[in-house]
Amino acid sequence: MSKELAEVIVENGIVYRLGEHDLYYPDLGLPEGTHYNIGKYGLMRWEYLKVNHRAEYLHLLLDGKLNEHLHEVDEECHARVEKIVEQMKAGAGITEELKATEQMKWVGLMSNVRSAAEEVVLREMIYV
């Protein structure tokens, strides 16, 4: 008596497909996630999670929320850097008048302020 095998069977809510050697394999796939472009801070967060917090990384990945998380972190970091830069500019006396009169001094001060702001954001939001 010949027994014909079905190409697809569903058991306990899992789809199985007929594969090599007449064995059934679960048809597993990652859930559909969002597709955002990820910037500098999102990529830094991705690398940090992947290397240092593997369980959280895999949880976000398997839930289909990794890309959304990285996008949110990236946007929050950019906004936070800009806010810190504005606050530090006021404290350091960096003005538009300085920009007009002593451009090289202004560029140097702004570079220092931006670097300091990025360091704060990296410690507060990326490497946690």
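Caption draft 1: The pattern of salt bridges, seen in detail. A complete count under the given rule lists 6 salt bridges for this structure. R45 is the partner of E56 in a salt bridge, and the nearest nitrogen-oxygen pair spans 3.7 Å. With E56 in helix α2 (residues 54-62) and R45 in helix α1 (residues 40-52), this pair connects stretches of sequence that are 11 residues apart. A salt bridge links E124 to R80; the nearest nitrogen and oxygen atoms lie 3.2 Å apart.

Caption draft 2: Structural context of the sheet that holds strand β1 (residues 8-11). The sheet built from 3 strands is open, its strands ordered β1-β2-β3 with antiparallel pairing. The strands lining the two open edges of the sheet, one partner per strand, are β1 and β3 (24-26). Within the sheet, the average angular offset between the axes of one strand and its neighbour, ignoring direction, is 35°. Of the strand pairs in this sheet, strand β2 (residues 14-18) and β3 are connected by 3 bridges, and their pairing is antiparallel. Bridging across to β3, Y16 finds its partner in P26.

How each quantity is defined
Residues numbered from 1 in each chain as written. Predicted model: local features only at pLDDT ≥ 70, side-chain atom pairs only at ≥ 80, totals over all residues. Heavy atoms only, no water. Salt bridge = Lys/Arg side-chain N within 4 Å of Asp/Glu carboxyl O. Helix = DSSP H or I, 4+ residues; strand = E, 2+ residues; numbered from the N terminus. Pairing = 2+ DSSP bridges. Axes fitted to C-alpha atoms, helices over the stretch in contact; angles between N-to-C directions.

Honestly, it's all geometry; don't read function into it.
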